[in-house]
Amino acid sequence: QVQLVESGGGLVQPGGSLRLSCAASGSIFAIYGMGWYRQAPGKQRELVASITTAGSTNYADSVKGRFTISRDNAKNAIDLRMNSLKPEDTAVYYCKAILADSDYEPSYDQWGQGTQVTVSS
C-alpha cells in the first residue's frame, strides 16, 4: 500500500509564500506523473501543477509565474513553491501520484489526504 503524505499548508497573508511537500511511502513499484490539485469550497477539484518523471511541468494559467513544482525521484517526492499568494488561492491542496504495482497491471491514481492553504489578511 502506497501512501502520499503532504505537509506545509497554513495561513498566509496576501502576497506571501508557502511551500507544500508531498512524499510517497510504502511498497512502490513505479511512480509516473505527480502533481498538485486544489479544491475550494463549492468548486470542483482542479489541477494546479504537474510534473513528469523527466521533469516536464504543466501549470494552471492562474498560477503560472507564481508557483513552481519540483520533483525528487530518488525520494519519491514533490514540492510546490507558492509565491505572491492571493485570496483566490485559498483551497485544500491535494497531492496526486500515478502509480503502478507491476509491469503487467494498469496504472492508477493515488491521492494524499489534503492540506489547507488559506490566504487572508
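Here we summarise the structure given alongside this text. (Residues numbered from 1 in each chain as written. Predicted model: local features only at pLDDT ≥ 70, side-chain atom pairs only at ≥ 80, totals over all residues. Heavy atoms only, no water.)

### Notes on the overall build of the protein chain
- Scanning the protein chain for helices and strands turns up zero helices and eleven strands.
- Long-range contacts, defined here as pairs at least 24 residues apart, represent 56% of the contacts in the protein chain between residues at least 6 apart.
- Roughly 6500 Å² of accessible area belongs to the protein chain as shown, and the carbon and sulfur atoms make up 46% of that amount.
- If the 11 positive side-chain charges of the protein chain are averaged to one point and the 11 negative ones to another, these points end up 8 Å apart. (Helix = DSSP H or I, 4+ residues; strand = E, 2+ residues; numbered from the N terminus. Contact = heavy atoms within 4.5 Å. Areas by Shrake-Rupley, 256 points an atom, 1.4 Å probe, with all protein chains shown as cover. Lys, Arg positive; Asp, Glu negative; His and termini not counted. Charge placed at Lys NZ, Arg CZ, Asp CG, Glu CD.)

### Digging into the environment of Thr-52
- With respect to the element layout, Thr-52 can be found in the loop between strand S5 (46-51) and strand S6 (57-59).
- Look at Thr-52 and you get partly exposed, because its relative accessible area is 34%.
- Sequence spacing of Thr-52 and Ser-17 is 35 residues, and the spatial spacing of their C-alpha atoms is 24 Å. (Buried < 20%, exposed > 50% of the residue type's maximum accessible area, 1.4 Å probe, protein only.)

### A short note on the state of the cysteines
- Applying the stated rule across the entire model yields one disulfide.
- With its sulfur 2.0 Å from that of its partner, Cys-22 forms a disulfide with Cys-95. Measuring handedness by torsion sign, the sulfur bridge of Cys-22 and Cys-95 sits at about -75° and is left-handed. One end of the pair, Cys-22, is in strand S3 (residues 18-26); the other, Cys-95, is in strand S9 (residues 91-100), with 73 residues separating them in the sequence.
- Residue class for Cys-22 comes out buried when judged on its relative accessible area of 1%.
- With relative accessibility at 0%, the residue Cys-95 sits in the buried group. (Disulfide = S-S within 2.5 Å.)

### A word on the packing of aromatic side chains
- All chains considered together, the criterion is met by two aromatic pairs.
- Ring centres 5.0 Å apart and planes at 70° place the aromatic pair Tyr-37 and Trp-111 in the edge-to-face group. Placement of Tyr-37 in strand S4 (residues 30-39) and of Trp-111 in strand S10 (residues 108-111) is noted, with a sequence separation of 74 residues between them.
- Given the relative accessible area of 19%, Tyr-37 is considered buried.
- Trp-111 sits in the partly exposed class, given a relative accessible area of 30%. (Phe/Tyr/Trp six-rings, centres within 6.5 Å; stacked < 30°, edge-to-face > 60°.)

### Quick look at the environment of Ser-120
- One can find Ser-120 in the segment after strand S11 (115-119).
- Ser-120 gets classed as partly exposed once you look at its relative accessible area, which sits at 35%.
- Taking C-alpha positions, Ser-120 is 9.4 Å from Leu-85, a pair spaced 35 residues apart along the chain.

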